[in-house]
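As a plain string of letters, each chain reads:
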Amino acid sequence: MLDVLIWLIVFVASTLMFRYAAGTLSLTAPNLVSMVYYYSFLLSSFIGVLLIALGIDHYYMIRKLFRPEEYRQIGFFVVSFVMILFPLSMVVVSKLFGFEARQEFRAYMRKPLSPLTGATGNQVFYSFLALSLLSFAAIAYMIWKTPTIPVFALFTGTDESLAALRIEASRHFAGNVLFRNIFAITLTPLLSLAAYLFAVLTNEWRWKLLFLGLLVGAVFVNVYDLAKSPIFFYVMMFLLLRIYVGKTKLSAAKLALCGGAGALVLIVMYMVIQGVRDIDTFLSYNKGPIGRMIFAQIAPTFLHLNMFGEALPFLYGKSLPSFLTNLFDVENVRSARLVMAHVFPERIEDGTGGVLNTLFVAEAYANFGYVGIVVGTLYVGVVTQLLYIGFLRLPKNPLFLSLFVYFSINIPRTLVGGFTDFLFNPTWVLIVALFGGMALWLRVQGDLRAWLAAKRRITDEG
């Protein structure tokens with residue numbers, strides 16, 4: 001009962017702080033911070049933590065713990081600590097920057113979509129078209145360099161396991177992984193969002209056609225490896241985009257309808273891709289879709305706490321971004337891969353095992369122990385709130401709004417993926433540089449054009 005009481009106290013305190021940092025936790029007005037709260041913490045972490053602490057999870061990963069009773073409690077208190085410290089750091093940042101989340105978020109929602117400052121329609125379109133062509137070329141390159149495209153194999157038939165094909169497509173890509181990840185997998189969906197906004201803003205057929213082409217490309221890169229979550233997150237980005245420009249108004253009924261449709265699609269994907277036929281698996285709280293949501297993302301945190309410092313040595317920075325480890329001639333390793341290899345070596349051998357991604361503090365712990373948990377939680381909480389404040393205070397044009405929506409979905413995903421991505425993520429850096437650089441360049445061109453026009457006018461008058 002003590003664990004339940006602690007859980008309830010932490011839940012109430014954490015919820016109140018998250019609501020203050022976000023401005024609202026309403027499901028009909030989603031935002032970056034509220035999605036962090038609901039997806040990364042409540043759904044993916046905190047519900048499962050209580051069941052694990054009470055010993056009623058019956059989850060296959062937790063059975064791999066040694067001294068399970070001790071580490072069930074350690075994991076419970078670590079996650080409870082993070083549930084308090086993370087939103088507390090966000091509240092402090094809000095106070096320091098004079099950020100009134102409720103008022104500023106409401107003002108942003110009411111603000112109309114605005115064109116890029118100083119740019120002509122042709123300049124914007126042709127600049128965007130060049131990026132789109134690069135994205136299409138990257139998709140062609142990805143298809144060329146991938147040994148087998150799993151979604152093609154699904155429709156044409158194959159004797160190989162689809163799960164093994166997924167791992168092969170990811171880990172045995174024969175080309176430049178960074179080019180594929182940035183320009184095909186990340187940039188295509190992001191460009192499709194921006195193209196949709198430009199189509200809404202201008203109502204021009206050329207933007208509508210470009211959006212349709214990018215939409216096809218975005219759907220393909222999100223389903224090509226048969227991963228179940230990317231296409232759902234892309235749909236969520238598109239829905240959030242429409243909410244922010246006033247094209248969609250959410251209600252309880254619409255949420256229920258979307259949730260039901262999503263659950264139905266998820267069941268079909270489990271049946272087709274993983275061959276699950278037992279209805280009890282779908283309804284069980286620790287198996288199938290439900291078990292994946294409440295246990296699969298948090299159970300590896302317990303394994304990290306259990307393994308590192310005991311069965312595995314601390315990494316002391318080995319999983320930091322590769323550009324840093326390469327400076328010191330240190331092999332880059334991810335803790336999620338090491339835990340998978342240690343706990344499920346048979347999956348590594350048969351090619352069906354990748355990584356055991358989990359709450360970001362697990363990787364911080366794997367590198368620097370409990371100090372990593374404290375410092376990592378403070379750092380990531382501050383970065384998340386600064387991003388939220390920054391985007392709400394930027395102009396609401398198609399480029400910045402697309403980035404805002406992208407990070408609103410991908411920050412929550414990354415929080416249950418790893419810690420080092422928050423230290424340096426080349427994909428994030430490049431897309432911000434591309435979109436921010438485009439906005440800046442077009443503005444400079446506009447200012448220069450205005451200056452030249454003023455100069456000619458002065459000359460003519462003289």
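In this text the structure is predicted, and so the values were computed from the model without any measurement.

**Q** Hey, could you run me through helix 9 (residues 205-223) in this one?
**A** Think of an α-helix as 3.6 residues a turn; residues three or four steps apart then line up on the same face. Here helix 9 is 19 residues long and its end C-alpha atoms lie 27 Å apart, about the 27 Å a rise of 1.5 Å per residue gives. Among all positions of helix 9, only Arg 206, Trp 207, Leu 210, Phe 211, Leu 214, Gly 217, Ala 218, Phe 220, Val 221 and Asn 222 are buried.

**Q** Would you explain the side chain of Thr 384 in this entry?
**A** Along the polypeptide, Thr 384 turns up in helix 18 (residues 360-393). Under the relative-accessibility criterion, Thr 384 is labelled buried at 0%. Ignoring anything within four residues of it in the chain, the contact list for Thr 384 reads Leu 32, Val 36, Phe 86, Met 90 and Ile 411.

**Q** Quick question: what am I supposed to make of helix 10 (residues 229-244) here?
**A** Helix length check: helix 10, at 16 residues, gives a terminal C-alpha distance of 23 Å against a target of 22 Å (1.5 Å per residue), a fit within 8%. Residues of helix 10 that are buried: Pro 230, Ile 231, Phe 233, Tyr 234, Met 237, Phe 238, Leu 240, Leu 241, Ile 243 and Tyr 244. Residues of helix 10 that are buried in the fold lie against helix 2 (32-53), helix 4 (101-110), helix 8 (177-202), helix 9 and helix 19 (398-415). Looking one or two residues beyond helix 10, the residue adopting positive phi is Gly 246, at roughly 80 degrees.

**Q** I tried to follow the environment of Lys 145 on my own but got confused; where do I start?
**A** Among the secondary structure elements, Lys 145 is positioned in helix 5 (residues 121-145). By relative accessible area, which is 23% here, Lys 145 ends up partly exposed. For the pair formed by Lys 145 and Phe 173, sequence separation is 28 residues and the distance between their alpha carbons is 6.1 Å.

**Q** Can you help me understand the nonpolar core in this one?
**A** Soluble, globular proteins show a tendency: their nonpolar side chains are buried together. Counting residues in each nonpolar core, the largest one holds 131 residues, and the members touching the most others are Phe 41, Phe 86, Phe 128 and Phe 360. Composition of this core by domain shows at least three residues from each of domain 1 (1-110 + 297-393) and domain 2 (119-185 + 204-232 + 425-461). Apart from residues no more than four positions distant in its own chain, Phe 360 is found in contact with Phe 41, Val 82, Phe 86, Gly 376, Thr 377, Val 380, Leu 415, Gly 418 and Phe 419.

**Q** Help me out: how do you make sense of the pattern of salt bridges in this one?
**A** Pairing between side chains becomes possible if they bear opposite charge and their charged atoms approach one another. Throughout the structure, instances matching the rule amount to 7 salt bridges. For Arg 72, the salt bridge is made with Asp 57, and the minimal N-O distance between the two is 2.5 Å. Within this pair, whereas Arg 72 is found in helix 3 (residues 68-96), its partner Asp 57 is found in the loop between helix 2 and helix 3, the two being separated by 15 residues in sequence. The salt bridge involving Glu 70 is made with Arg 67; its shortest N-O contact spans 2.7 Å. Judged by its relative accessible area of 38%, Glu 70 is partly exposed. Its relative accessible area of 39% is what places Arg 67 among the partly exposed residues.

**Q** Please clarify how the packing of aromatic side chains should be interpreted in this entry.
**A** To describe a pair of aromatic rings, you give the distance between the ring centres and the angle between the ring planes. The final tally for this structure, using the stated rule, is 41 aromatic pairs. An angle of 75 degrees between the planes, with centres 6.2 Å apart, marks the rings of Tyr 141 and Trp 144 as edge-to-face. Pair noted here: Tyr 141 and Trp 144 are both in helix 5, with a separation of 3 residues, about one helical turn. Aromatic ring contacts, followed pair by pair, group Phe 99, Phe 105, Tyr 108, Tyr 244, Tyr 388, Phe 391, Phe 404, Tyr 406, Phe 407, Phe 422 and Trp 428 into a single cluster. Sitting above the plane of the Tyr 108 ring, Lys 396 keeps its charged end 5.0 Å from the centroid.

How each quantity is defined
- Residues numbered from 1 in each chain as written.
- Predicted model: local features only at pLDDT ≥ 70, side-chain atom pairs only at ≥ 80, totals over all residues.
- Heavy atoms only, no water.
- Helix = DSSP H or I, 4+ residues; strand = E, 2+ residues; numbered from the N terminus.
- Expected span 1.5 Å × (residues − 1).
- Buried < 20%, exposed > 50% of the residue type's maximum accessible area, 1.4 Å probe, protein only.
- Contact = heavy atoms within 4.5 Å.
- Core = buried A, V, L, I, M, F, W, Y, C linked by side-chain atoms within 4.5 Å.
- Domains from an automatic or database assignment.
- Salt bridge = Lys/Arg side-chain N within 4 Å of Asp/Glu carboxyl O.
- Phe/Tyr/Trp six-rings, centres within 6.5 Å; stacked < 30°, edge-to-face > 60°.
- Lys NZ or Arg CZ within 6 Å of the ring centre and 35° of its normal.

The values are spatial; any link to function lies outside them.
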